Each structure stands twice: as structure tokens, then as C-alpha cells.
Amino acid sequence: MRTDPANLEIMRSYFHAIASSMGHVIERTSYTTFVKESADFATALASPEGDFYVYPRSVGVTIFLGLSLKRTLEECGPLEKGDIVITNDPYTTNGLASHLPDVHIIKPVFAGDTLISYAWSFVHCSDVGGLVPASISPTASDIHQEGLRIPPVKIYRKGSLNPDIKLMLDANSRVPHLNYGDINAMVAAVNTAENRLMSMVDKFGVQNIEFAIQDLMDQSETRARKVILQIPDGTYSFHDYLDDDMVTEHPIRLAVDLTVNGSSIDVDLSRCDPQVKSAFNLVTNGSRHSFLLQGLINFIISEDPHIPINGGILNPVRIHAPKGTIVNPEYPASVGVRHSITMRMYSTILGALAKAIPDKIPSAGAGQAAIVVLSTQEKSSGSRNMAVVEPLGGGGGGHYDFDGIDGIDHSSGFLKNTPIESLEQHIDTLVHRYELMPNTAGVGQSRGGHAIRLDFEIRRPDSIVTARGMERLKFQPWGLFGGEAGSLGGVVLNPDAPNEKQLTKINVLTPEVGDVVSIRTASGGGWGLPYKREAELVLREVEMGLISVETAKSKYGVVIETDGTSSHHTLNKAKTAQLRAQYQPNTTNEFDLGSNREQFEQHWPVDVMDQLIEKLHTLPPTERWYQKIAIQNYLKDKLQDQAVTSADLEEAWDHL
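Residues numbered from 1 in each chain as written. Predicted model: local features only at pLDDT ≥ 70, side-chain atom pairs only at ≥ 80, totals over all residues. Heavy atoms only, no water.

(A) Spotlight on the overall build of the chain. Tallying secondary structure elements over the chain gives 16 helices and 23 strands in all. Expected size for 656 residues packed as a compact globule is a radius of gyration near 26 Å; at 25 Å, the chain falls within 12% of this value. Seen along its three principal axes, the alpha-carbon backbone of the chain occupies a region of about 75 × 65 × 65 Å. Taken over 656 residues, the chain has a buried fraction of 61%. Residue pairs in contact within the chain that sit at least 24 positions apart in sequence constitute 72% of those at least 6 positions apart. (Helix = DSSP H or I, 4+ residues; strand = E, 2+ residues; numbered from the N terminus. Rg over C-alpha atoms; globule rule 2.2 N^0.38 Å. Buried < 20%, exposed > 50% of the residue type's maximum accessible area, 1.4 Å probe, protein only. Contact = heavy atoms within 4.5 Å.)

Right, dumping it as C-alpha cells:
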């Protein structure tokens with residue numbers, strides 16, 4: 001260590017205050033509800049090599065922790081004092097920009113002639129062109145359909161705005177004034193960081209700052225390795241699914257083989273599905289991309305709450321993500337809904353860890369962040385207004401010693417809801433319901449978090465609703481060790497009305513004036529046997545209206561009596577003890593995967609699917625998904641619901 005430990009902690013606090021203050025600048029000066037209310041932005045400080053050495057714990061989203069600026073900086077060329085770089089392109093930044101609405105700003109910070117740091121920020125801009133308002137359509141087939149690509153370029157040169165870049169940005173958005181307001185907020189944030197880093201230089205000196213940056217990275221790696229040492233050596237495998245690619249009915253598989261060897265972890269993603277012809281791809285270039293490893297990152301941080309939050313946490317991790325897979329696609333694969341991959345990889349990583357350290361891993365949460373966007377026609381100007389109605393997460397997974405959080409999944413990070421009053425002020429809509437749904441949580445000794453229901457009314461003609469990232473409408477969030485899987489989500493048009501209609505996942509919805517769109521999320525899975533849950537907790541939740549008397553009895557073995565009204569409930573301890581004494585666990589499996597997944601895997605056994613993926617790797621990346629769908633369709637028609645065998649797969653491969 002190059003820095004005195006006491007001084008290092010002081011400087012660490014300074015760095016953290018700078019990164020956090022950058023986030024507060026964006027919160028207070030941004031234009032759009034999705035940034036200033038939902039907090040879809042991030043800030044950090046990066047080393048001269050491009051690695052994040054400090055990242056806020058609780059300001060903005062938390063999933064960019066281990067990314068690198070290196071490729072972005074190489075692409076834009078030499079930087080001078082006062083330069084500011086802008087980019088949103090995944091393919092020229094090695095996935096730093098993960099989809100086109102995420103616009104990144106980077107400023108080099110010099111002390112004299114010495115580059116000491118980079119100040120970085122991103123916001124999710126409201127619109128960068130593309131097929132639909134808000135830019136993201138799950139059915140986009142290549143990245144050029146998703147909007148304007150901005151390779152790393154200088155939006156400011158030596159402190160002066162480049163008007164050509166601004167003109168280009170304005171011309172490629174449906175709401176240029178909102179975008180530019182958010183971009184200016186980022187510029188203010190990186191300028192704030194520069195000023196405060198200069199104050200640190202005056203106080204500590206350039207060399208001490210350089211030493212502290214490296215020491216903080218080294219400290220994070222050392223402490224992360226100590227956490228990994230707690231995991232027994234071995235290889236732990238798990239897989240999970242996205243519902244489909246929104247073009248076909250076939251699910252997308254994400255699979256991990258996680259090998260622990262001392263203080264190091266190898267993450268093999270070669271059994272993941274090939275890249276798809278819709279927007280469910282994540283550009284990583286095969287790197288240790290934090291969007292793939294957020295479950296592991298959060299586990300390490302949970303085990304060591306005081307670890308410095310920086311890219312050193314991922315130094316003990318090696319990753320294998322073959323080119324042409326959904327987690328390392330080739331250009332020009334579309335990437336707009338890449339966060340669905342992030343959230344499903346979160347539960348996939350945790351599923352593997354649950355086999356190694358079961359008392360430290362929660363059940364699966366809802367595993368989605370459905371960003372519901374409403375776009376309306378302006379009455380006077382003819383332009384379009386748009387706003388995020390809500391980012392809908394769904395319930396969190398139950399843990400061995402506490403319940404899942406209602407309404408928000410742990411994999412959603414610090415993404416916040418939009419207050420209804422703010423929403424209705426920004427756009428013409430009327431919210432009928434925004435509430436927890438009773439009787440939805442996956443039951444268990446520790447139950448999952450309850451699902452959310454959002455109902456909003458269309459008030460303007462020619463309104464458009466999109467909802468990227470909607471998941472868990474087919475495959476339930478899994479439960480652990482006797483806990484049951486969570487409930488599924490859904491979409492209903494005009495609920496409880498004569499013209500009620502069940503919908504599938506939303507791509508682009510064009511409802512009529514007066515229609516009510518009702519979106520329901522999934523809940524979290526339960527952890528542990530439900531008959532071991534404290535009866536008093538069940539009684540309390542009945543009194544709160546979260547579960548019914550019938551559910552308390554049938555799922556938890558808790559007998560609750562009423563006086564004929566809903567206002568008074570009494571726990572019958574004798575009948576509860578008698579009922580629970582008769583309880584026989586109906587499963588010996590570690591995981592309750594849900595009936596739909598079990599049915600799918602009865603038709604497509606895991607080992608046969610592994611063989612199919614291995615065969616697909618022999619094809620060019622752009623042909624793999626087509627071949628997979630063709631084979632699955634062929635065998636579905638031939639075998640119906642019978643189990644596919646290796647011989648069936650060989651026959652189909654030769655036939656097609």
C-alpha cells in the first residue's frame with residue numbers, strides 16, 4: 001500500500017463525496033421525469049487507465065460499477081483540458097454504452113499537464129430516434145433501427161461547445177429540448193467533479209491522489225477475494241429463461257457454469273443462447289461486463305458492506321462469453337432491451353451461488369424492470385410529449401432470514417418510482433391504481449415480495465404506450481428450499497369492464513381515448529417451508545390486506561377466524577398447530593421452478609438443449625438463432641409435448 005491507511009480513508013471519503021455530488025447535480029438540474037424522479041443515471045470517477053475507482057453507493061443506478069472507459073477513450077483520440085466526450089454506441093465502446101438511449105459524458109481532469117482522473121456520467125435520454133417514441137422497440141432487428149449512434153466524439157473542445165454535434169443530436173430526437181437539458185445536467189456534473197478534484201490536488205498533492213486511486217482499487221480486489229474464499233471450491237451451474245424474443249414463442253436461455261477456485265471465480269457463459277434477431281442482446285465484447293455480474297457484485301458487497309465500491313471488485317473474476325451469443329453479440333445486433341439480460345443473469349448467477357452457499361442467497365425476484373412509457377400528441381404544436389409512467393420492478397425474492405421487498409426487486413438497484421402527482425403534471429394521463437397486489441407473493445418461511453398493479457387511463461388521441469423490459473409473464477421467479485415460485489405478471493386492457501382484453505407483452509400499444517391499460521408485475525419467490533413461517537406474521541399480513549384468510553390457511557397452515565367483518569381477525573393457535581402437524585412437504589427439490597418451466601424442460605431436457613447449443617456454435621453467429629427456431633419448431637410439430645431425445649435432435653439437425 002502506497003498510502004497511509006488513515007489518509008486513504010480520508011481521501012476515499014473525499015472521492016465518494018465528489019462522485020455523489022455529481023449525481024445530486026444531475027438530480028437537481030435534469031429535465032425529464034425518468035432522470036430526476038426515477039433516477040436512471042449514474043456518475044463515477046475513473047483512473048487515467050479508464051477504470052472506475054469510486055462509484056456512489058446510493059445515488060443513481062448501480063450496475064456500471066466494473067465497466068471500463070478504455071476503448072471509448074482510444075476511439076476519440078487525444079484529449080486536452082476542457083474537452084468533453086459524448087457517446088451512446090455499444091459497438092465502439094465495448095459495451096460501456098449498453099443501448100442507444102444511454103448517453104455518456106466523459107471529461108478528462110488535468111492537474112497542470114498531468115491527467116489525474118476522468119469524470120463520467122450517463123443518463124437515459126428520452127428519445128434518440130428509432131422505430132418508436134422513446135426509441136426502444138423489442139422487435140428491432142438491428143441497431144440501426146434503434147436510433148442515432150454516436151461514436152465517441154468531442155461535444156466540447158477546450159471548453160467550447162461543438163455546435164455541429166449539438167445540431168446532429170437535436171435533429172435525431174423527437175424531444176431535443178428534453179435531451180439537451182439532461183445532457184447539460186451531465187456536463188454540469190463532470191465540471192463539478194473537476195472543480196472538486198482540483199481542491200483535492202491543492203490539499204493532498206497529485207502524487208498522493210494517484211497513489212490513493214490505485215490503493216483503493218487494490219483494496220477492493222483484496223477484500224473481494226476474501227469474500228470469494230468463503231465459497232466452497234467447485235463448479236456450480238444454473239440456467240434461467242427470458243419468456244421469448246417477442247418475434248417467436250420460444251424462450252431465451254441464459255446459462256452459467258460458475259467455478260470457484262480459492263479466491264478466484266471463472267464464469268462460463270458458453271451455454272447461453274445465440275444472439276437473437278430482436279433487441280434482447282447485450283454487447284460485452286467478452287469482457288467482465290458488470291451487467292452480466294451484478295448478482296455476484298451485490299453478493300460481495302452484501303458480505304463486506306464497507307468494501308470500497310470500484311472496479312477492483314471484479315478483478316478476481318474471469319469470464320468466458322463466446323462471440324455470437326446473446327451475451328456477446330456481433331454487429332449489427334439490436335440491443336435496446338439489453339437490461340432484460342442483465343436482470344435474468346442476476347438470478348442465474350444467484351441460482352448457481354445458491355447451490356454453494358444456500359443460506360446466503362435469496363430466491364428469485366421478479367427479474368424485470370418494465371419501463372412503461374406514454375407518448376401523446378401535443379394539442380397546439382403537433383409535436384409529441386413523452387414520459388415514463390413508471391419503472392415497474394415487481395417483488396423481491398425471500399431470504400433465509402427476511403422477506404422479499406414488496407414491489408421492488410433487488411436486481412433493480414436504486415431505480416425509483418415516479419410520483420403520481422409528478423407524472424400527471426408532465427403528461428395528460430390519469431392513474432386509476434398504483435398498488436401492491438394481494439395474494440401474489442411466493443409463499444415460504446420468508447415470503448417473496450408482492451407484485452405491483454398499475455392502471456392508467458388514456459386521455460389523448462393518438463397516444464402510444466411502450467413497455468420495454470416486461471418479463472416473467474410465462475416463467476415464474478423460482479423459490480428456494482421449500483419456498484414456492486412467485487406469481488406471473490400480465491397485461492389487461494380495460495380491466496373489470498365489458499370490453500376487458502388480456503394482452504401479451506407490450507411492444508407498441510395504441511389504445512383509444514378512455515381505455516385503461518393495466519400492467520401487473522411478477523412477485524418474488526419464497527424461501528423455506530411456508531408452514532415454518534411465524535403464524536403472527538401471517539396474521540399481521542391478513543390484517544394488512546396482503547393475503548386472504550383462505551390463503552393463510554391453504555398455503556401457511558394458519559387458521560384465522562373473523563367476527564364476520566374484515567376489521568377483526570383472531571389467530572386460532574390450537575387449530576393452527578393441529579393443521580401444521582399434518583403438513584407433509586410436497587417437494588424435495590432445492591428449487592421450485594414453477595409449472596411452466598418444468599413443463600418446458602420436460603419437452604426440452606437440459607442435456608439435449610446443451611447439445612443443441614453446442615451444435616449451433618459451429619454455425620456463423622447470424623445463422624444460429626434461425627437454426628435454433630427452425631429445429632424447435634420442427635420437433636414441436638413432430639413430437640408435440642413428448643420429450644426430445646438426442647436422437648431426435650440429430651435427426652432434426654440432419655433434416656434441416
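(B) Geometry of the sheet that holds strand S6 (residues 153-157). Strand order in this open sheet of seven strands is S2-S1-S5-S4-S3-S6-S7, and the pairing throughout is antiparallel. The outermost strands of the open sheet, each flanked by one partner alone, are strand S2 (52-54) and strand S7 (160-161). The sheet contact formed by S6 and S7 spans two bridges and is antiparallel. Following the sheet pairing, Tyr-156 is matched in S7 by Leu-161. Relative to strand S1 (residues 41-46), helix H1 (residues 5-29) is tilted by about 150°, and along the sheet it contacts S1, S2 and strand S5 (114-124). Contacting strand S3 (84-87), S6 and S7, helix H4 (residues 163-171) crosses the sheet at an angle of about 125° to S6. (Pairing = 2+ DSSP bridges. Axes fitted to C-alpha atoms, helices over the stretch in contact; angles between N-to-C directions.)

(C) Focus on the pairing of strand S11 (residues 317-320). Only one face of S11 is covered, namely the face carrying Val-317 and Ile-319; the face carrying Arg-318 and His-320 is uncovered. Crossover strand S10 (residues 264-268) to S11 through helix H7 (residues 294-303) is right-handed. (Right-handed = clockwise from strand over helix to strand, strands pointing away.)

(D) Representation of the packing of helix H14 (residues 606-616) against helix H15 (residues 621-639). At their nearest, the axes of H14 and H15 sit 10 Å apart, and the two run at 140° to each other. Every pair of crossing elements has a handedness; the one defined by H14 and H15 is right-handed. Of H15, the residues touching H14 (which contributes Met-609, Leu-612 and Leu-616) are Arg-624, Gln-627, Lys-628, Ile-631 and Gln-632. Class assignment for the residues of the contact of H14 with H15 results in four nonpolar, two polar and two charged. (Left-handed = near helix turned anticlockwise from the far one by under 90°. Nonpolar A, V, L, I, M, F, W, Y, C, P; charged D, E, K, R; others polar.)

(E) Geometry of the environment of Pro-419. Here Pro-419 is to be found in the loop between strand S13 (384-392) and helix H9 (420-426). Spatially, the C-alpha atom of Pro-419 lies 27 Å from that of Arg-540, the residues being 121 residues apart in sequence.

(F) Region of interest: the packing of helix H5 (residues 176-204) against helix H6 (residues 206-228). Where H5 meets H6, the closest approach of the two axes is 7 Å, and the angle between their N-to-C directions is 110°. The angle between H5 and H6 places the two elements in the roughly perpendicular class. The residues of H6 that touch H5, namely those facing Leu-197, Met-200, Val-201 and Phe-204, are Val-206, Asn-208 and Ile-209. Looking at the contact of H5 with H6 residue by residue, the classes come out as six nonpolar, one polar and no charged. (Parallel < 35°, antiparallel > 145°, perpendicular 65-115°, else oblique.)

(G) Just the environment of Ile-506, in detail. Relative to the helices and strands, Ile-506 is located in the loop between strand S19 (501-503) and strand S20 (516-520). For the pair Ile-506 and Ile-265, spaced 241 residues apart in sequence, the C-alpha separation works out to 38 Å. Every residue in contact with Ile-506, bar those within four places of it in the chain, is listed here: Pro-138, Met-246, Val-465, Thr-466, Ala-467, Met-470, Val-491, Val-517 and Ile-519.

(H) Structural context of the pattern of salt bridges. Counted by the stated rule, this structure contains 39 salt bridges. For Asp-89, the salt bridge identified is with Arg-149, shortest N-O distance 2.9 Å. With Asp-89 in the loop between S3 and strand S4 (102-111) and Arg-149 in the loop between S5 and S6, this residue pair connects regions lying 60 residues apart in the sequence. Arg-149 gets classed as partly exposed once you look at its relative accessible area, which sits at 24%. Close ionic contact of Glu-484 with Lys-555 constitutes a salt bridge, the shortest N to O distance being 3.3 Å. Linking Glu-484 in the loop between strand S17 (479-480) and strand S18 (490-493) with Lys-555 in helix H11 (residues 549-556), this pair joins segments that are 71 residues apart in sequence. Exposure remark for Lys-555: the relative accessible area of 34% places this residue in the partly exposed category. (Salt bridge = Lys/Arg side-chain N within 4 Å of Asp/Glu carboxyl O.)

(I) Up close: the sheet that holds strand S14 (residues 429-436). Spatial strand order, S14-S15-S20-S18-S19: five strands in an open sheet with antiparallel pairing. At either margin of the open sheet sits one strand with a lone partner, and together these are S14 and S19. Strand-to-strand twist of the sheet, defined as the mean angle between neighbouring strand axes without regard to direction, takes the value 20°. As defined by bridge partners, S18 adjoins S20 across four bridges and the pair is classed as antiparallel.

(J) Examining the confidence of the model for the chain more closely. Looking at the chain as a whole, the pLDDT averages 92, with 98% of positions reaching at least 70. Put simply, helix H2 (residues 33-36) is where the chain has its lowest mean pLDDT, 80, and S10 is where it has its highest, 98. (pLDDT = per-residue confidence, 0-100.)

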